[in-house]
Amino acid sequence: MDNLFQRSLEDLIKGFRLQLLGESSFISRALEEIRREVKATDLSTKSTALHKLSYLAAIHGVDMSWAAFHALEVVSSSRFHHKRIGYQAITQSFHDQTSVLLLITNQLRKDLNSVNEYEVSLALECLSRIGTRDLARDLSPEVFTLLGSSKSFVRKKATGVVLRVFDKYPDAVKVCFKRLVENLETSDPQILSAVVGVFCELASKDPTSCLPLAPEFFKILVDSRNNWVLIKLLKIFSKLASVEPRLGRKVAEPICEHMKRTVAKSLVFECVRTVVSSLSDHEAAVELAVAKIREFLVEDDPNLKYLGLHALSIAAPKHLWAVLENKEAVVKALSDEDPNVKLEALHLLMAMVTEDNVSEISRILMNYALKSDPLFCNEIIISVLSVCSRNAYEIIVDFDWYVSLLGEMARIPHCQRGEEIEHQLIDIGMRVRDARPQLVRVSWALLIDPALLGNMFLHPILSAASWVSGEYVEFSKNPYELVEALVQPRTDLLPPYIRAIYIHSVFKVLVFCLGSYFSAQESSSGSSSTVYESILNLVNVIEIGVWPLSGAYDVEVQERAKNVLGFIGMAKQDIAKNVNLQDNDAEACRVTAFMEDMFSEELGPISANAQEKVCVPDGLELEENLGDLEEICGKFLKPVESDSVSCTDKISFSVSKLRIRDQQEASSSSTSLPAKASSSLLAEHRKRHGMYYLTSEKNDPDSNGTPKDYPPANDLASEILLDPLDPKRKAKHRKSRPVVVKLDEGGESRITTSQAKTKQESVTDDESLSRAIQSALLVNKKGKEREKCEGNSNLVVQEEETSRIEKPQNSEKKKKKKKKKNGERTSGKHRSRRRSEVASSSEQVEIPDLLL
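Quick look at the structure, then. Per-chain numbering applies: the sequence of each chain, read as written, is numbered from 1 onward. Whole-chain, interface and lining totals are the exception, using all residues; otherwise, since this is a predicted model, local features are given only for residues with pLDDT of at least 70 and side-chain atom pairs are given and counted only at 80 or more. As a convention, hydrogens and water are excluded, and side-chain values are obtained from all of the structure's heavy atoms.

As for the overall build of the protein
- The numbering of helices and of strands both runs from the N terminus, where a helix is a DSSP run of H or I of at least 4 residues and a strand a run of E of at least 2. Each helix and strand counted, the protein has 38 helices and zero strands in total.
- Burial status follows relative accessibility: with a 1.4 Å probe on protein chains alone, a residue under 20% of its type maximum counts as buried, one over 50% as exposed, and anything between as partly exposed. Among the 852 residues that make up the protein, the fraction classed as buried is 43%.
- Contact definition: two residues touch when any of their heavy atoms are within 4.5 Å. The contacts in the protein between residues at least 6 apart in sequence include a share of 71% that link residues at least 24 apart.
- All accessible-area figures derive from a Shrake-Rupley calculation using a 1.4 Å probe, and residue coverage is judged against the displayed protein chains alone. About 47,600 Å² of surface is accessible on the protein, with carbon and sulfur atoms providing 52% of the total.

Dropping the structure here:
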């Protein structure tokens, strides 16, 4: 009766389709129903419940580990339909820590010995998915028996399970490996395909262990016409050739024959990959492979074109000439519609970059970046940046050109690699002294470009440009232009941390200019009126630009602005007095000299492993006594509650009111800056440098103070893009490579303890499997030699008996001589056995000379 009214899997699926909303509640009700049904004693009811549970686990990710024992009960049924459902549930619910895992061993052994080949198939599939070390150890004899089954369906399944058994229990190689090798001589294509697939996986783990089987593999390579088997064999020989280079001479000819004969693109590609990766010393084979690659590149199918580009990328490390011959096809692939084809073409172009053609390839890629989609555009930019900066810019000779290239990358419309460009601008400044003048010029051009201010991805570039402008201000031809770019009103669009860098750079420029002014006064009896007006004008421009920032909400911006204003107030008093500073009595002169000394020391690059070279002081515990930190500082580490938001809003509102009031008071005060002078200076500055101001008509700011529209970026095609990327320019004005500061090598990736442990365990398992395969092969070889020796000895015994019958009466002297000969033959056999044992103790496995 329970089975009569039970819902089937089809009913469950129909119920899902009718549920437009509330799917989770429907799953919960279905699980409750399944938990009730699976406890029934009727196996049909139980199997139907497991069937529905398996569907929910596969489609909706429901946990079914609780049903492991019920799956065992269904598997024990004599009906095949129940067994199939039970084994499917076992594969989904069992894992290495399942408590009832030991109970399945006998059931698997029973089904593996069944006369029904389909029940055997179910058990083999289950073993291949849940097999553990214990299961592989206990069921190895059954798998060995099935490897010799007369039913090809069973033997094929057993061959596939062998790989799992070997992986979990390497000692099973001693039992099953001999019969697995024997299956290489089968005429059944399905069994042969399964066996070759197993050896392909074994060779990928350790090619040396499969090296003695090279003659069998070679025979199949020559005789087989199954493309799948040939592809697996090519993978095997690709691994074996890396261990034994002499194999290339033997397998090159049949591989070339397959390339010429077959029309299957998959087999042709595998032949090409094997030749360019493992048979690079055979010129005829490589030339044929490159010709086949060229056929792939001209195909209209994007899949075949991608395979051709991928084959070229494999050939590039050893056969760069093949890539250069197909350069036009690679460049043309950059405009392909398929994104994978474009990326592969980009990687190939990056592989061709050298010191001589870096300018030409960069020009090509920048032109494609201008008209590409944002994703591929940024992929181009990051590829150029990574290749050019490799090994401390080893392929860059003209750093003026490269710095200009970095500046033009920032002006590409879809550029989002601001952090990478920022890092290289600063890194080149610290490493290459000769590049600093051009670096300052490019930085000034970036600072005055209004389009960069509206792109948040490019703000890091402006941060680097402002830092460079202040750090290397001595290379600037016009510091006044730098100041105007750093204090322009549009800097309100930048985040506070970048504005703080802007103010600090302004301070560096001011210190440099005042130091030059005071030094000029010390060297001469008086100061020129022109110099006096210039320095006073510079100070006024800085004061006007920095003054509004003294009331900024950000603490760091406010502090830096007030420091600059305080320094200006002190300096303006001495500048206004226009006194003779030869006695160095002026306070501004002393402070300026002190600040110049602070900024005079250059900043250099730091090694990634610099912290490791610092010795830990004695008595300092870095990884201990921190367990009670949460208890000690618990009340200070509590998260802020949500009801404090209103208080924060009130504080921010009061601070903003206070800021506005301070600005009004500061603007109305006449102690530091008179109102008339301030308004006249502001009007004059706006008149002379109107390009830095936001227009009041079109670009009205919104409520947040951010303008609605941004000015367009500078035109790339008409300004600098074609000039720095032109290879002719580099050829005409080629100069020697400047000195680049390099640090010690050691930026290697670190591996954690758990990762190292896992890696060591996997290596240990592979080594144990390799040793087991090698010992099995040697034992097999030794057994064949013993059989051959026993056959020879039997033949000798038969000859002796025949001679004894023909000549029954022999003299005693002849008997002694015969006995002596037999003793010599026996001792010779012992010597040959000792030689074979010595050979078996050797770890190195060689290929028979028949193949080589």
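Some thoughts on the nonpolar core
- Ranked by size, the top nonpolar core spans 228 residues in total, and within it Ile90, Ile104, Phe177, Phe199, Phe217 and Tyr402 carry the most contacts.
- Looking at which element gives the most residues to this core, the answer is helix α29 (residues 496–523), with 13 residues.
- In contact with phenylalanine 177, not counting residues within four places along its chain, are Phe166, Ala172, Phe199, Leu202, Leu213, Ile773, Ala776 and Leu777. Here, nonpolar core refers to any group of buried Ala, Val, Leu, Ile, Met, Phe, Trp, Tyr and Cys residues whose side-chain atoms link them within 4.5 Å.

Some details on the environment of proline 141
- Along the chain, the position of proline 141 falls in helix α8 (residues 133–146).
- Judged by its relative accessible area of 44%, proline 141 falls in the partly exposed class.
- For the pair proline 141 and alanine 172, spaced 31 residues apart in the sequence, the C-alpha separation amounts to 8.7 Å.

Here we look at unusual backbone geometry
- One non-glycine residue, asparagine 391, adopts positive backbone phi at about 55°.
- With respect to the helices and strands, asparagine 391 occurs in the loop between α22 (374–388) and α23 (399–409).
- Unusually for a residue other than glycine, alanine 392 sits at a positive phi of about 60°.
- Take alanine 392: it is sitting in the loop between α22 and α23.
- Residue alanine 392 is classed as buried on the basis of its relative accessible area, which comes to 17%.

Quick word on helix α17 (residues 302–315)
- Expected span of a helix: the number of residues minus one, times 1.5 Å. Its 14 residues give α17 an end-to-end C-alpha distance of 20 Å, which sits within 8% of 20 Å, the value for a rise of 1.5 Å per residue.
- For α17, the set of buried residues is Leu304, Lys305, Gly308, Leu309, Ala311, Leu312 and Ala315. Projection of α17 onto a plane perpendicular to its axis shows the buried side chains occupying an angular sector of 155°, all on one side.
- Buried residues in α17 make contact with α15 (265–278), α16 (283–297), α18 (320–325), α19 (327–332) and α20 (339–351).
- One side-chain oxygen at the N-terminal end of α17 lies 3.2 Å from the backbone nitrogen of asparagine 303; it belongs to aspartate 301. The arc in question is the one traced by the directions running from the helix axis out to the C-beta atoms. Any N or O atom pair separated by 3.5 Å or less is treated as a polar contact, with the protein-specific requirement of one donor-capable and one acceptor-capable atom, and with residues adjacent in sequence counted only for side-chain atom pairs.

Quick look at the packing of aromatic side chains
- The criterion for an aromatic pair is that two Phe, Tyr or Trp rings (for Trp, the six-membered ring) have centres within 6.5 Å, with stacked assigned to planes under 30 degrees apart, edge-to-face to planes over 60 apart and tilted to the rest. If you walk through the whole model with that rule in mind, you get twelve aromatic pairs.
- Judged by centre distance (5.9 Å) and plane angle (55°), the ring pair of tyrosine 118 and phenylalanine 153 falls under tilted. Taken together, the positions of tyrosine 118 in helix α7 (residues 117–130) and phenylalanine 153 in helix α9 (residues 152–168) put the pair 35 residues apart, joining distant regions of the chain.
- According to the relative accessible area criterion, phenylalanine 153 is partly exposed, its value standing at 26%.
- The ring of tyrosine 368 has lysine 371 sitting right over it, with the charged end atom 4.8 Å from the ring centre.
- We call a charge positioned above a ring when the Lys NZ or Arg CZ atom is no farther than 6 Å from the ring centre and deviates by at most 35 degrees from the ring normal. Above the ring of phenylalanine 599, the side-chain terminus of lysine 508 is found at 5.8 Å from the ring centroid.

Some details on helix α11 (residues 189–205)
- Between the first and last C-alpha of α11 there are 25 Å, a value that for 17 residues agrees with the 24 Å anticipated at 1.5 Å per step.
- The buried count for α11 comes to twelve of 17 residues, which makes it a mostly enclosed element.
- You can read the cap of α11 off the contacts: a side-chain oxygen lies 3.0 Å from the backbone nitrogen of glutamine 190, and it is on aspartate 188.

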